[in-house]
Amino acid sequence: MRKNTVKLLDVVALTVDLPEYNLWQGQVGTVVEILANGTAFEVEFSDRNGRTYESIGLRPEQIMVLRFDPASLELRPEIVTAQAGE
């Protein structure tokens, strides 16, 4: 399994619900600070107009980094199609 390496300004998604902050699994935020040598991260959640509505410290297991490029140019997904009569 690939390690979820988190860097400053990474775009991340919540992997858990945090109802006390009105944040829910899948919400997207930006890492704005690396805390405690990478054992926690300050993540800022903003609306479509760029206004921050929440900024909280999260542990690595509470977020996942969103990737916009393939993890490796050598790893291309294989397209599998069903053959007629299968």
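These notes cover the structure that comes with them.

Procedures and definitions
- Residues numbered from 1 in each chain as written.
- Predicted model: local features only at pLDDT ≥ 70, side-chain atom pairs only at ≥ 80, totals over all residues.
- Heavy atoms only, no water.
- Helix = DSSP H or I, 4+ residues; strand = E, 2+ residues; numbered from the N terminus.
- Buried < 20%, exposed > 50% of the residue type's maximum accessible area, 1.4 Å probe, protein only.
- Areas by Shrake-Rupley, 256 points an atom, 1.4 Å probe, with all protein chains shown as cover.
- Core = buried A, V, L, I, M, F, W, Y, C linked by side-chain atoms within 4.5 Å.
- Salt bridge = Lys/Arg side-chain N within 4 Å of Asp/Glu carboxyl O.
- Pairing = 2+ DSSP bridges.

Now for the overall build of the chain. The helix and strand inventory of the chain stands at zero helices and five strands. Listing every helix and strand of the chain by position from the N terminus yields β-β-β-β-β. For the chain, buried positions account for 22% of its 86 residues. Accessible area for the chain stands at about 6,700 Å²; split by element, carbon and sulfur atoms hold 53% of it.

This next bit is on the nonpolar core. Ranked by size, the top nonpolar core spans 13 residues in total, and within it Leu14, Val43, Phe45, Leu58 and Ile63 carry the most contacts. Here this core takes three residues from strand E3 (residues 40–46), the largest share from any one element.

Before going further, it helps to examine the pattern of salt bridges. Where side chains of opposite charge bring their charged atoms close, a pairing between them can arise. On inspection of all chains with the given rule, the structure shows three salt bridges. Among the salt bridges present, the one from Asp10 reaches Lys7, with a minimum N-O distance of 4.0 Å. On the basis of relative accessible area, Lys7 is assigned to the partly exposed category, the value being 45%. A salt bridge links Arg59 to Glu61, with the nearest nitrogen and oxygen atoms 2.6 Å apart. A relative accessible area of 52% means that Glu61 is categorised as exposed.

In the sheet, strand E1 (residues 11–14) pairs with strand E2 (residues 28–35) via three bridges, with the strands oriented antiparallel. By the bridge assignment for E2, Val12 is matched with Gly29. The pairing of E1 with strand E5 (residues 63–65) spans three bridges and is classified as antiparallel. By the bridge assignment for E5, Ala13 is matched with Met64.

Keep in mind these numbers describe shape, not what the thing actually does.
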